[in-house]
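Inside the fold
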2 protein chains.
Amino acid sequence: MKNDKNISQSVINRLPRYYRFLNRLLENGITRISSAELSKIMMVTASQIRQDLNCFGGFGQQGYGYNVEALRREIGEILGINDISTAILIGAGNLGKAVANRHDLLRKGFKLIGAFDSSTSVIGTTLAGIQVEDVKKLEEFCLREKPVMAIVCVPASAAEEIGKILNNCGVKGIWNFSSYDFTHDFTNLKIVNVHLSDSIMTLSYLLKHDVENCGD
Amino acid sequence: MKNDKNISQSVINRLPRYYRFLNRLLENGITRISSAELSKIMMVTASQIRQDLNCFGGFGQQGYGYNVEALRREIGEILGINDISTAILIGAGNLGKAVANRHDLLRKGFKLIGAFDSSTSVIGTTLAGIQVEDVKKLEEFCLREKPVMAIVCVPASAAEEIGKILNNCGVKGIWNFSSYDFTHDFTNLKIVNVHLSDSIMTLSYLLKHDVENCGD
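Throughout this document, residue positions are counted from 1 along each chain, in the order its sequence is written. Labels follow written order: the first chain is A, the first ligand is 1, and so on. Per-residue local features are limited, in this predicted model, to residues with pLDDT of at least 70; the limit for side-chain atom pairs, both in listing and counting, is 80 or more; totals at the level of whole chains, interfaces and linings are taken over all residues. Side-chain numbers come from the whole structure's heavy atoms, not from hydrogens or water.

1. Section: the side chain of A:Asn193
All names here are of chain A. Relative to the assigned elements, Asn-193 resides in strand β9 (residues 190-193). For Asn-193, a relative accessible area of 9% translates into the label buried. Polar contact is defined as a pair of N or O atoms within 3.5 Å, subject to the rule that within protein one atom must be able to donate a hydrogen and the other to accept it, and that residues adjacent in sequence are counted only when both atoms are side-chain atoms. A distance of 2.8 Å separates the side chain of Asn-193 from the side chain of Asn-176, its partner in a polar contact. Each helix is a run of DSSP H or I of at least 4 residues and each strand a run of E of at least 2, with the numbering of both proceeding from the N terminus. The buried label applies to any residue whose accessible area, calculated with a 1.4 Å probe on protein chains only, is under 20% of its type's maximum; exposed applies above 50%, and partly exposed to all values in between.

Structure representation (C-alpha cells):
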C-alpha cells in the first residue's frame, strides 16, 4: 500500500462503494470482472476505477480483469473492517435502536459493547443483547472498557457534553447522527457524520430538476 | 440559473452542505461572509466556493462578500426545499419512526401524508400525527393521493415489491434507507440512497489510518 497521506479524500470516500458493489457481485456468483464491466454497473469510467485501485497498488491483471473476492478482501483490509473494534451507542431512542439492530452495519469492523441513554423509560431495557445504562455511567464505563468508537444518536443540544466525556476518556472516533458539529471542538476525534438533511435536500433537487440519478 | 444539465453531480452534492453551513451562520447571527471566511469554516478552497456558486449565476459582490440570508434562500430555491411536496413513509419500524419524527428533516421540502407497515403490531399506531396503515392499502392510497416521494425503510427483501407499486402509481422519488438498489430496475424514479454501511466503513478507515477528518 502506498503512503496513506497520498490517498485523496475522494478515493477514500469511494472505497466503501467499491466494497458494496463487490459484495453484491459475489452474492450473485460473479467471481471475476473487468474494469469495463465494473465501470458499467458502478456508473464511473473504467479509467477512474483503474486509477482508484492503483492508489493501493492495483489488483487487476491485464486482460484477465479483477478477482472479485480478492479485491473485496483487500479493500476490506484497507478499510479496516476485517478487524473488530469496540463501539458504544449513546442515545437509545428510535434511531439508536435502528442502528444498533442493523447487525450488517456493526459487523463492518465494530462490536457493540455498551449502550447509554438519559431517559428512565429506556434505561434498563435491552438492545441488541445489551442492557441500556444511565448516561451518567458513560465516563466510568469508557475509562474502564476503553471503547474505540461511539455512535452518537442524541439531540444536538446534548452532543457537546457527550463529546467532552468521550474525548476525555480516550474514545477515538464518533459516528455522528446528531446535527452537532464535533469537528471544530474536538480535533483529536475522527468523525463521520450522517447528514440526513443533506440527503433529503439532494432528493428534493433531483425531483425539482430534470437530472439523472447519480447511481451511487 | 444556467441550464440544469450543465451542473455537475459533485456541485449538486455540495449544495446541501452550503445550505447547512449558511443555516448555522444565520443561527449564530452572521449575516455577511467572504468566500475566504466561508472557505475556512467549510474546509474547501475559496476558489472552489466561487466556482460552485458561479454555476448558479453567483451571489457575491466583489469586496463585500456574500449576503448569508440571500444566499441561503437562493440555494434553498435551487434545491427546491422552499416548495412543499407530499411524502409517504413505508416501513414504520425504529428507523422509519426516527426519520418521520425528525421534523427538521421533513420540512426540507416535504410533508408526510401517509405511513405504511406490514406488521399488525404497528398498523393503527400513530406516527408524527399520522395513523400507520396496512401496506396492502399502499397502492390505493398512492393512486388517490398522488404522493411525490416515498421514504423506504423496509428490509431489502421487501423493497422490490414496494418499488413496483410506487413506480406503477406515479410516485416520482424514493429516499431509500434499505440496501436494495432501486436504480437498476426503476430507471424513471429519482433515488437518493442513505448508505449507512458506507459511512461506518469510512469511519473504520479513518480510525485505522492516520488521516484527517474531511470536515463535512
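2. Thoughts on the packing of helix α2 (residues 35-42) of chain A against helix α3 (residues 46-54) of chain A
When two helices pack together, you describe them by how their axes are tilted relative to each other and by the distance separating the axes. All names here are of chain A. Throughout, an axis means a line fitted to C-alpha atoms (over the contacting stretch in the case of helices), and angles, computed between N-to-C directions, take values from 0 to 180 degrees. Relative to each other, α2 and α3 sit at 110°, their axes nearing to 8 Å. The orientation of α2 with respect to α3, classified from their angle, is roughly perpendicular. Contacts from Ser-35, Ala-36, Leu-38 and Ser-39 of α2 reach α3 at Ala-46, Ile-49 and Arg-50. For this classification, the nonpolar set comprises Ala, Val, Leu, Ile, Met, Phe, Trp, Tyr, Cys and Pro, the charged set comprises Asp, Glu, Lys and Arg, and every other residue, Gly included, is treated as polar. Along the lines of polarity and charge, the residues of the contact of α2 with α3 split into 4 nonpolar, 2 polar and 1 charged. If an angle is under 35 degrees, it is roughly parallel; if it is over 145, roughly antiparallel; if it lies from 65 to 115, roughly perpendicular; otherwise it is oblique. Residue contacts follow a heavy-atom distance rule, with two residues in contact if any of their heavy atoms lie within 4.5 Å.

3. Structural notes on the interface of chain A and chain B
In this complex, chain A contributes 67 residues to the contact, which on the side of chain B involves 67 residues. Considering only the side of chain A, the residues that lose the most area to chain B are A:Ile200, A:Met201 and A:Tyr205, jointly responsible for 11% of the buried surface there. A salt bridge links B:Lys208 to A:Asp83; its shortest N-O distance comes to 3.1 Å. Connecting chain A to chain B are 18 residue pairs in polar contact (both at pLDDT 80 or more). Listed by contribution, the elements that provide at least two residues to the side of chain A that touches chain B are α1 (9-27), α4 (68-79), α5 (94-101), α6 (103-106), β8 (173-176), α9 (182-185), β9 and α10 (196-208) of chain A. Sort the elements by how many residues they give to the side of chain A that touches chain B and α10(A) lands first, with 13 residues. Class assignment of the residues belonging to the side of chain A that touches chain B gives a composition of 32 nonpolar, 17 polar and 18 charged. Once two parts are put together, the accessible area they lose, assessed with a 1.4 Å probe and summed over both, is termed the buried area. Any Lys or Arg side-chain nitrogen found within 4 Å of a carboxyl oxygen on Asp or Glu counts as a salt bridge.

4. Quick word on the pattern of salt bridges
As a working rule, side chains carrying opposite charge can pair if their charged atoms are close by. Per the stated rule, a full pass over the model turns up 13 salt bridges over all chains. Among the charged side chains, a network of salt bridges with common partners joins A:Glu77, A:Asp83 and B:Lys208.

5. So, the packing of aromatic side chains
A pair of Phe, Tyr and Trp rings is counted when the ring centres sit within 6.5 Å of each other, with Trp represented by its six-membered ring. The angle between the planes then sorts it: under 30 degrees is stacked, over 60 is edge-to-face, the rest tilted. All chains considered together, the criterion is met by 8 aromatic pairs over all chains. For the ring pair B:Trp175 and B:Phe177, a centre distance of 4.9 Å and an interplane angle of 65° mean the geometry is edge-to-face. Here the two residues B:Trp175 and B:Phe177 agree in accessibility, since each one is buried. One aromatic cluster in this structure is built from A:Tyr180, A:Phe182 and A:Phe186. Seen from the ring of A:Phe21, A:Arg24 lies directly overhead, with NZ or CZ sitting 5.0 Å from the centre. Lysine NZ or arginine CZ positioned within 6 Å of the ring centre and within 35 degrees of the ring normal marks a charge as sitting over the ring.

6. Examining the sheet that holds β8(A)
Sheet strands pair by backbone hydrogen bonding; their relative direction is either parallel or antiparallel. Residues and elements named next belong to chain A. At least two DSSP bridges between two strands are required for those strands to pair. Spatially, the 7 strands line up as an open sheet ordered β5-β6-β4-β3-β7-β8-β9, and their pairing is mixed. In this open sheet, the two edge strands, each paired with only one partner strand, are β5 (126-127) and β9. Here β8 pairs with β9 via 4 bridges, running parallel. Within the sheet, the bridge partner assigned to Trp-175 lies in β9 and is Val-192.

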